[in-house]
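# Secondary and tertiary structure notes
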Amino acid sequence: MEPAQQLDYAAVRAAAARIAGGIRPVTVAPAADGLWYALEYLQYTGTFKARGARNFLAAHHEAGALPAAGVTIASGGNAGLACAWSARALSVPATVFLPANAPRVKVERLRGYGAEVRLVGDRYAEALAACEEFAAESGALSSHAYDHPLIAAGAGTLLDEIRAALPGLDTVVVAVGGGGLFAGVATAAREHGVHVVAVEPENSRALNAALAAGRVVDVAVDSVAADSLGATRVSADALAAAQQKNVTSVLVSDVEITAARRALWEEHRIVVEAGAATASAALRGAPQPLGERVAVILCGANTDPGDLVIPAA
């Protein structure tokens, strides 16, 4: 029997109960007057994706729908790491497909989580095709980086944790790639009347473009944050969440993202990936405060801190 697959606040609450004790509760730290940072980059695997992956597998386990072949995913990025970590925590086999030219550090980290890594082709599309073929032949459960209600519901558990740490929260700022984190957070935020600012790079704007078109559309991706926010399309759940009145879509430039990332380091000694800094970048150019009690989700830190250093003139 497959677990329920609908994204609503009940699904977020169910996810919170399901993953309790299995993930790190978010730390919320003051940053300035009226501003707090939700330090989700301290999460297991270094990003928020551990929440959704854990919920996805745990829900299938509860429903008796976890096959003996385990779980499979095509991703050498944050989603792949979260899937492999979650599978290990539940003693489930994980098979991760990557292009043959994937960075060795990612391959080694995945293997460190106990995953079987299969290197196929030179492009992600080839690895994905091999993953789909493996799932069909082996019966393994296919996971997705973001486009699944259980993944989004797991990510959405962040919102209630932030509210518990920050009573009176009125605004949450979140970066958007494929929309899993955003869809989950926005679903929970709507329940509590919290405004959501959805932030994307100007040249990786799948959600913003979908809002303009009134439907999910494909977009070109060319941004400094493309490694984590480079989805060519958002999920249908993300678009539905963004069409609610409690959401504002904002675009920021690569220059603003880079400046925000560097400022987080220089002002707070926080090192995050460009995707996480994208949320913070929305604050820098805002003509007025986004709210009276604002939390910015710093969602991941799987990055090379070396490029934060400004070369000497």
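That block above? That's the structure.
All of the points below concern the structure found in this document. Keep in mind that this is a model prediction, so the values were computed, not measured.

Strand pairs in the sheet, formed through backbone hydrogen bonds, run parallel or antiparallel to each other. Across the sheet, which stays open at both edges, the 6 strands sit in the order β1-β2-β10-β7-β8-β9 with mixed pairing between neighbours. Each having just a single partner strand, β1 (28-32) and β9 (247-252) make up the two edges of the open sheet. Sheet twist, expressed as the average angle between the axes of neighbouring strands with direction ignored, equals 25°. Bridge count between strand β2 (residues 35-38) and strand β10 (residues 294-297): 4 bridges; the pairing is parallel. If you follow Y37 over to β10, its bridge partner there is V296. Sheet strands touched by helix α11 (residues 254-268): β1, β2, β8 (195-201) and β9. Its angle to β9, the strand with the most contacts, is close to 95°. In the packing of helix α12 (residues 274-284) onto the sheet, contacts are made with β2, β7 (171-175), β8, β9 and β10, and the angle to β7 comes to roughly 135°.

Here the focus is the packing of aromatic side chains. This structure, assessed with the given rule, holds 2 aromatic pairs. Geometrically, the ring pair formed by F97 and F134 is tilted, given 5.6 Å between the ring centres and 50° between the ring planes. In this pair, F97 is assigned in strand β4 (residues 94-98) and F134 in helix α5 (residues 124-138), connecting sequence segments 37 residues apart. By the burial criterion, F97 is buried, and F134 matches it. Stacked on the ring of W265, the Lys or Arg R269 has its end atom at 4.2 Å from the ring centre.

Counting residues in hydrophobic clusters, the biggest one holds 71 residues, and the most contacted among them are I162, L181, F182, I297 and L298. Sort the elements by how many residues they give to this core and helix α7 (residues 180-191) lands first, with 7 residues. Not counting the four nearest positions on each side in its chain, I297 is found in contact with A38, E40, L158, I162, V172, V173, V174, L181, V185, A276 and A279.

Conventions and cut-offs
- Residues numbered from 1 in each chain as written.
- Predicted model: local features only at pLDDT ≥ 70, side-chain atom pairs only at ≥ 80, totals over all residues.
- Heavy atoms only, no water.
- Pairing = 2+ DSSP bridges.
- Helix = DSSP H or I, 4+ residues; strand = E, 2+ residues; numbered from the N terminus.
- Axes fitted to C-alpha atoms, helices over the stretch in contact; angles between N-to-C directions.
- Contact = heavy atoms within 4.5 Å.
- Phe/Tyr/Trp six-rings, centres within 6.5 Å; stacked < 30°, edge-to-face > 60°.
- Buried < 20%, exposed > 50% of the residue type's maximum accessible area, 1.4 Å probe, protein only.
- Lys NZ or Arg CZ within 6 Å of the ring centre and 35° of its normal.
- Core = buried A, V, L, I, M, F, W, Y, C linked by side-chain atoms within 4.5 Å.

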